[in-house]
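Structural features, examined
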Amino acid sequence: MRYEARWVLASAVGVLMLAASAAAPAANEPASEPVVMNAKSVRWAAAPPTLPKGAKVAVLYGNPSESGRYVMRVWLPAKYHIPLHYHSMPQQITVISGTLYVADDATYSKKYARAVSGGGFAFLPASAHEFIFTKGATVVEIHGGGPFDVKYVDPNDDPQKWAEAHTYYFPKRFLVNEINAPGPGEPIPTF
């Protein structure tokens, strides 16, 4: 009888632990439902003041201002330039359209910058110094761990130094989560 009671108690504790782990989000992961989004649902807003004026951001997943995973797109206008800087956390960058030019402090020259064109990928480790520029309008998607930050090697390059102090809030993630949107989507192919 004692053996059966222990077995029942151990089973109940195991089931409760499993239920609690399924209900709680993983550490540093935003609790959310699945997200399906097309370009028309992306919500663009002015980029944070840590970036030079003219850029726009759209948050696709997570919250870049908090710790945890996030995905955001950044639209950079033609002839855009981000002076030599670094980030506290590593970033995985995919160029969606246009061309992003990346150079590091060893090759601090536009002449030696590496062009990353649409569909290309760049990984920037934490604290890696780089400067970035565009020739034409460019959209990149950044996957990283928050909080997102931009630290300039030369403090005089920081656009916040010259801007009025305002609290910045990243835009809402999306206009419509299409996984729950009513109406038919594209037909699912059959194989």
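Residues numbered from 1 in each chain as written. Predicted model: local features only at pLDDT ≥ 70, side-chain atom pairs only at ≥ 80, totals over all residues. Heavy atoms only, no water.

1. Topic: the overall build of the protein
Summing up its helical and strand segments, the protein has one helix and 11 strands in all. Mapped from its N terminus to its C terminus, the protein presents α and β elements in the order α-β-β-β-β-β-β-β-β-β-β-β. Looking at the protein as a whole, 34% of its 191 residues are labelled buried. Contacts in the protein between residues far apart in sequence, at least 24 positions, make up 74% of those at least 6 positions apart. (Helix = DSSP H or I, 4+ residues; strand = E, 2+ residues; numbered from the N terminus. Buried < 20%, exposed > 50% of the residue type's maximum accessible area, 1.4 Å probe, protein only. Contact = heavy atoms within 4.5 Å.)

2. Quick notes on the sheet that holds strand S6 (residues 99-104)
Here five strands make up an open sheet; going across it, the order is S7-S6-S9-S4-S11 and the pairing antiparallel. Of all strands in the sheet, those with a lone pairing partner are strand S7 (114-117) and strand S11 (151-152), marking the two edges. In the sheet, strand S4 (residues 81-86) pairs with strand S9 (residues 130-134) via three bridges, with the strands oriented antiparallel. Across the sheet, the residue bridging to His81 is Phe133, located in S9. (Pairing = 2+ DSSP bridges.)

3. Considering the side chain of Thr50
Within the secondary structure layout, Thr50 lies in the loop between strand S1 (45-46) and strand S2 (56-61). Classification of Thr50 as buried rests on a relative accessible area of 14%. When near neighbours in sequence (up to four residues on either side) are disregarded, Thr50 contacts Phe148, Val150, Tyr152, Pro159 and Gln160.

4. A word on the confidence of the model for the protein
Averaged over every residue, the pLDDT of the protein is 79; residues scoring 70 or more account for 66%. Least confident of the elements in the protein is helix H1 (residues 2-23), whose mean pLDDT is 42; most confident is strand S5 (residues 91-97), at 97. Here residues 5-29 scores under 50 on pLDDT; set against residues more than four positions off or in separate chains, the count is six contacts. (pLDDT = per-residue confidence, 0-100.)

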